[in-house]
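Okay, here's what each chain looks like letter by letter:
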Amino acid sequence: MTRQLLKAEIHCHIEGAAPPAVTEAQARKYGVDTAAFLRDGAYQWRDFSEFLIAYDAVAALFRTEEDYALLTEAYLAELASINTIYSEIIVSPDHGDRIGLGADAYLAGICDGIYSAKEKTGIEARIIVTGERHFGPDRVVSAAEYAARAKNPLVTGFNMAGEERMGLVADYARAFDIARDAGLGLTIHAGEVCGPFSVTDALDLVKPARIGHGVRAIEDEALVARLAELGTVLEVCPGSNIALGVFADFDSHPLKKLKDAGVRVCINSDDPPFFGTSLAREYEIASQTMGMSNTEINDMTRTALEAAFVDEGTKATLLKRFDTQS
Ligand SMILES: Nc1ncnc2[nH]cnc12
Ligand SMILES: [Zn+2]
């Protein structure tokens, strides 16, 4: 039973958090036929490539600053209602650009949503700007430059998501250099669709504090030891991994094995309605299906807070609250 536990999440994509009913309402508002990616109240995709296509189609239905403010506030309110005290939202300025809203208005809407949610529920949240790998190295560099010059106090990290099988990490390394120089925290999707080599490449070329997923590192014992030694945090998203077929079932999911091997791991929902999940469900899966104790689960929440891309003062406040109330 994890309902009462304090929670934190550091890996959720904003468009990936859009409930199907909200997306349907957006489609009606803009006169768009959703049959190709949303039917009978569920997102439609069969594999990772189709998932990315559906994701981009959903993103194209959020078209105004207010659309993004409402989406962000609603997601954070849901997190707050299950005792989540901290959230990092992954956002992609490219998606704002692609629908003609523009990156500034896109980001402003998301910030409005964060401020409203904070005022109403107390939840603390920050933004991780992401480049989408399948949009190509130039766009990922542009996303990093955008994040660097935004000088927005809520933008604290940089990520790369999207089609992991496209190109090499080396093609995208410059984007991470730009983000690092701007003082942003670094995380990168790796070891999700591709094998351990992608995690090794990420460690060698990006030197991130955290890795999105990283779970296929389990295929290489020496790499697991390296992650444990480095203290790299893996933002693990079990429900996403099972839905996308990265592992056959929760019994073969390596979350507990990684943790037991000394790798710093935490629990996240990634794109919850796409994968039939929620942060609440991910915590329940760790507890009920994977048999992890509340102490182990609290360890993972504390890891998420320790690894948060947030100023030291806010981090200390969050950790104090967590340690006193958990
Ligand atoms: N699980 C995932 N992997 C890569 N890119 C994504 N964008 C949204 N969700 C993603
Ligand atoms: Zn992700």
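The notes below deal with the structure included here.

Criteria and thresholds
- Residues numbered from 1 in each chain as written.
- Chains lettered and ligands numbered in written order.
- Predicted model: local features only at pLDDT ≥ 70, side-chain atom pairs only at ≥ 80, totals over all residues.
- Heavy atoms only, no water.
- Helix = DSSP H or I, 4+ residues; strand = E, 2+ residues; numbered from the N terminus.
- Rg over C-alpha atoms; globule rule 2.2 N^0.38 Å.
- Buried < 20%, exposed > 50% of the residue type's maximum accessible area, 1.4 Å probe, protein only.
- Contact = heavy atoms within 4.5 Å.
- Lys, Arg positive; Asp, Glu negative; His and termini not counted.
- Charge placed at Lys NZ, Arg CZ, Asp CG, Glu CD.
- Polar contact = N/O pair within 3.5 Å; in protein donor to acceptor, adjacent residues only side chain to side chain.
- Pairing = 2+ DSSP bridges.
- Right-handed = clockwise from strand over helix to strand, strands pointing away.

1. Side note on the overall build of the protein
In terms of helices and strands, the protein carries 14 helices and 10 strands. Relative to its length of 326 residues, the protein is compact, with a C-alpha radius of gyration of 18 Å against a globular reference of 20 Å. In terms of overall dimensions, the protein has a C-alpha envelope of 50 × 45 × 40 Å along the principal axes. Sorting the 326 residues of the protein into buried and exposed places 60% on the buried side. For the protein, restricting intrachain contacts to residue pairs at least 6 apart in sequence, the fraction spanning at least 24 positions comes to 73%. Positive and negative charge centroids in the protein, built from 31 and 49 side chains respectively, lie 3 Å apart.

2. Topic: the side chain of His213
Residue placement: His213 occurs in strand 8 (residues 210-213). With a relative accessible area of 0%, His213 lands in the buried category. Here the side chain of His213 touches Asn241 through a polar contact of 3.3 Å, side chain to side chain. Discounting chain neighbours no more than four positions away, the residues touching His213 are His11, His189, Ala190, Gly191, Glu192, Leu234, Glu235, Val236, Cys237, Ser240, Asn241 and Asp270.

3. Points about the pairing of strand 8
The sheet contact formed by strand 7 (residues 185-190) and strand 8 spans four bridges and is parallel. Of the residues in strand 8, the one forming a bridge with His189 is Gly212. For the segment spanning strand 7, helix 8 (residues 196-205) and strand 8, crossover handedness is right-handed. Pairing of strand 8 with strand 9 (residues 233-236) involves three bridges; the strand directions are parallel. Across the sheet, the residue bridging to Gly212 is Glu235, located in strand 9. For the segment spanning strand 8, helix 9 (residues 221-230) and strand 9, crossover handedness is right-handed.

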